[in-house]
Every structure is written in C-alpha cells, then in structure tokens.
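Report on the structure
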Amino acid sequence: MMNPEGPTILVERNVPWQTIYPVSTRVLAECFARDGWNVIWLTPPLRLDQFARNTRYREGLVAQNRLRGVFMENVFAYTPLTWIPSSRKFPLDRPFLARLTWQASFPSLRRLLRQRGVPLPDVLWLASFHAGGVRSLFPNRPTVFHVTDAFRFYPTSPPTCVEMERWNYKAADHIVVTAPALKRLLIEDLSVAEGKISVIMHGVDLQRFRGLDHLPDPMPGCPHPRLVALGNTSKLHFEILSRLANCSDFGTVVVIGPKTDRLSAMAEQLPSLRLVGSLLPEQVPQYLL
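Residues numbered from 1 in each chain as written. Predicted model: local features only at pLDDT ≥ 70, side-chain atom pairs only at ≥ 80, totals over all residues. Heavy atoms only, no water.

Topic: the overall build of the protein
Broken down by element type, the protein carries nine helices and 14 strands. Overall, the C-alpha framework of the protein stretches about 60 × 45 × 45 Å when taken along its three principal axes. The burial tally for the protein puts 45% of its 289 residues in the buried class. Taking as baseline every contact in the protein between residues at least 6 positions apart, the subset at least 24 positions apart corresponds to 63%. (Helix = DSSP H or I, 4+ residues; strand = E, 2+ residues; numbered from the N terminus. Buried < 20%, exposed > 50% of the residue type's maximum accessible area, 1.4 Å probe, protein only. Contact = heavy atoms within 4.5 Å.)

Written out as structure tokens, the structure is:
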C-alpha cells in the first residue's frame, strides 16, 4: 500500500502497468518505487468506444479502469474514461482539447485518488502526446516531460502537431530525452533552453544475455553482418530500411516485431530483408548475440 509519509510521483504513459513490454518510462517509474516513492501510474483516458475496440494494450487498460485502479505495493495504476476525444490528428490535436480530455475524465481523478487512499502527487512525470492536460488537474506541481519520440514525424501526425509539442515542453519545469538527437531537435526546432534538458538514454539489461553462448544461432545460414531493427515496426523508416537491404556489400537486415503488410511486401522484393515476427523479451537476446 501507499506510504503516507513518502513523496508521490504521478507518471503518465500510454501503456498499462502489467505488460510484458515495459517501456522506458515504466522502467524509470520502477526506479522511483524502489527508492521509496509512491507511484501513480496513469494512462491517457480511454473513450467509451475504445472499450469495444481491440486496440493494443486494451485488455490491461480496461482492467485498470474497471477495478478503479490496481495496487502493487507502493504503485497505483489507473486508466480513466473521458467524454472528450483527442488525438494527434487534426483537428483533435489542440492544447485546449488536451486539457478538456483530462478534465472531462470520470470519475474525477482527484476524488478517485482520495477514495482509494492514494496521496495526491508532489511531482508530475509526463510522457504522452496529450499529457500536458494533466497539469490542469494538479496545478503548481513541478513537471518533468519525458520525451521518447518526435511526435510530429509520425506518419499519422499533421504539421500542426508541432504546436502541441511546443505547448507541452514550454510549460515543463524540466525535460528528459532518450537520445542526444532529440535534445538537438528540441533546442534547434522548438527553442527549448539547453539547461532545461537532460539525456537518459535507453539501456540494455545485460543479465538477459548471460549464459546464452551455448545456444545455437536462431537464424542459421543468414549472412553476416546483420543489422537488427527491433521494436514497433509500424514506426520504422521504410526508405532507409529498403536502401540498406538493397546494399550489395551488406549482409542481412533482420526485423523483429509485428509483421505488417508493408514489411511483408518489402520482404518479398528484397531477399536480404528477413522478418522474424514478434518475440517475447526473453527470446530477443539470442538474436542479438
């Protein structure tokens, strides 16, 4: 249960706490929990129509809502519902909609936390596109924005998306980015002060690689060198991927992740492009060794 004497951090990201794919924000939230913080793990509100849609992570998000939040020691995970739609697509990509999405969530988030015995947050750690609206629920809290992507470069994002990013980052007290390239982008394109940005890069869990040297190559006969693209295959830069797979002096481009129609079509045309499909986290190290 929560420690009434300890500090509380609200961490917002768009995946449920109980997931086999713990994103970087979740890993950092676990660090806070281990250090004695109370952690509120909050996901963006679901619209009523999303309950019936088979979206990614839907089952975990719905469970966090139906149970009115899930306790795991000093972590409280919750997914609210909302009446107000918002997205990265025009015209729903507006700051005022980001605020209304959270303000129109039900039941009231502050009331729910009190009912469940969860302290109100001392610090906000926000990550998703519309997370800036959380500040309207907990004004005057120090806010850190965790920037893991340049949202405006997503294929589904309109040019107006950059205004939402400016709004998010201007109001943040500090910004944590996952790569030096993102830091340069925020400084050069969005005029964010360099002293306001810290870099915490993604890491590797080396423990998963120990004791695997005796295992056979999972892709025997696959030419070396191998370039492995791993993760969300819908966000790959397909032009770069195609150019690499077309290089006559290159070995193999290996893609680990969901086999999309576009990737399957590319693989039929490019013999040096190999699609592995989705793997569990514990299966990945054998391919990377």
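On we go.
Side note on the pattern of salt bridges
Summed over the entire model, instances satisfying the criterion amount to seven salt bridges. Of the charged contacts in the structure, one is a salt bridge between Arg 26 and Glu 30, with a shortest N-O distance of 2.9 Å. Placement of both Arg 26 and Glu 30 in helix H1 (residues 24–34) is noted, with a separation of four residues, approximately one turn of the helix. Residue classification places Glu 30 among the partly exposed residues on the basis of a relative accessible area of 24%. Ionic pairing is found between Arg 226 and Asp 217, a salt bridge with its closest N-O pair at 2.8 Å. Classification of Asp 217 by relative accessible area gives partly exposed; the value is 36%. One network of salt bridges, in which partners are shared, links Arg 152, Glu 165 and Asp 189. (Salt bridge = Lys/Arg side-chain N within 4 Å of Asp/Glu carboxyl O.)

A word on the side chain of Thr 252
Within the secondary structure, Thr 252 is located in strand E13 (residues 252–256). A residue is classified by how much of its surface remains accessible, and Thr 252, at 1% relative accessible area, is buried. In this structure, Thr 252 is in contact with Cys 222, Pro 223, Pro 225, Arg 226, Leu 227, Ser 272 and Arg 274, ignoring residues within four places of it in sequence.

Structural notes on empty space enclosed by the protein
For the structure shown, the criterion picks out one cavity of 30 Å³ or more. Considering only enclosed or pocket space, the largest cavity measures out at about 40 Å³ in volume. In this structure, the largest cavity is lined by Asp 217, Pro 218, Met 219, Arg 226, Val 228, Val 254 and Tyr 287. The residue makeup of the lining of the largest cavity, split by class, is five nonpolar, no polar and two charged. (1 Å grid on protein atoms, 1.4 Å probe; cavity = no way out; pocket = protein on both sides within 12 Å on 5 of 7 lines; lining within 4 Å. Points joined across faces, edges and corners; volume = space filled by probe spheres on them. Nonpolar A, V, L, I, M, F, W, Y, C, P; charged D, E, K, R; others polar.)

Brief notes about helix H3 (residues 95–103)
Within H3, the full set of buried residues consists of Leu 97, Ala 98, Thr 101 and Trp 102. The arc enclosing the buried residues of H3, seen along the axis, measures out at 135 degrees, which places them on a common side. Taken together, the buried residues of H3 touch strand E1 (8–12), strand E2 (38–42), strand E6 (81–82), strand E7 (105–106) and helix H5 (161–171). (Arc of directions from axis to C-beta.)

Points about the sheet that holds strand E14 (residues 273–277)
Read across the open sheet, the three strands follow the order E12-E13-E14; overall the sheet is parallel. Strands at the two margins of the open sheet, each flanked by one partner only, are strand E12 (226–230) and E14. On average, each strand axis in the sheet is tilted by 20 degrees relative to the strand beside it, whichever way the strands run. By the bridge criterion, five bridges tie E12 to E13 in an arrangement that is parallel. (Pairing = 2+ DSSP bridges. Axes fitted to C-alpha atoms, helices over the stretch in contact; angles between N-to-C directions.)

Focus on helix H7 (residues 238–246)
Residues of H7 that are buried include every one of Phe 238, Leu 241 and Ala 245, and no others. Taken down its axis, H7 places every buried residue within 60 degrees of arc, on the same side. Contacts from the buried residues of H7 go to E13, helix H8 (261–269) and E14.

Describing the state of the cysteines
As used in these notes, a disulfide is a covalent bond between sulfur atoms, one from each of two cysteines. Taken as a whole and judged by the stated rule, the model has zero disulfides. Summary of cysteine pairing: Cys 247 is not part of a disulfide, and the nearest cysteine sulfur, belonging to Cys 222, is at 15 Å. The partly exposed category is assigned to Cys 247, whose relative accessible area is 32%. (Disulfide = S-S within 2.5 Å.)

Quick look at the packing of aromatic side chains
In the structure shown here, the tally under the stated rule is eight aromatic pairs. Centre to centre, the rings of Trp 17 and Trp 41 are 5.3 Å apart; their planes meet at 75 degrees, and the pair counts as edge-to-face. Pair noted here: Trp 17 is in the loop between E1 and H1 and Trp 41 is in strand E2, with a separation of 24 residues, a long-range link. Judged by relative accessible area, Trp 41 falls into the buried class, the value being 0%. Here Phe 32 and Trp 37 contribute two aromatic rings whose centre-to-centre distance is 5.2 Å and whose plane-to-plane angle is 75 degrees, an arrangement assigned as edge-to-face. Members of the aromatic cluster, joined through ring pairs, are Phe 32, Trp 37 and Trp 125. (Phe/Tyr/Trp six-rings, centres within 6.5 Å; stacked < 30°, edge-to-face > 60°.)

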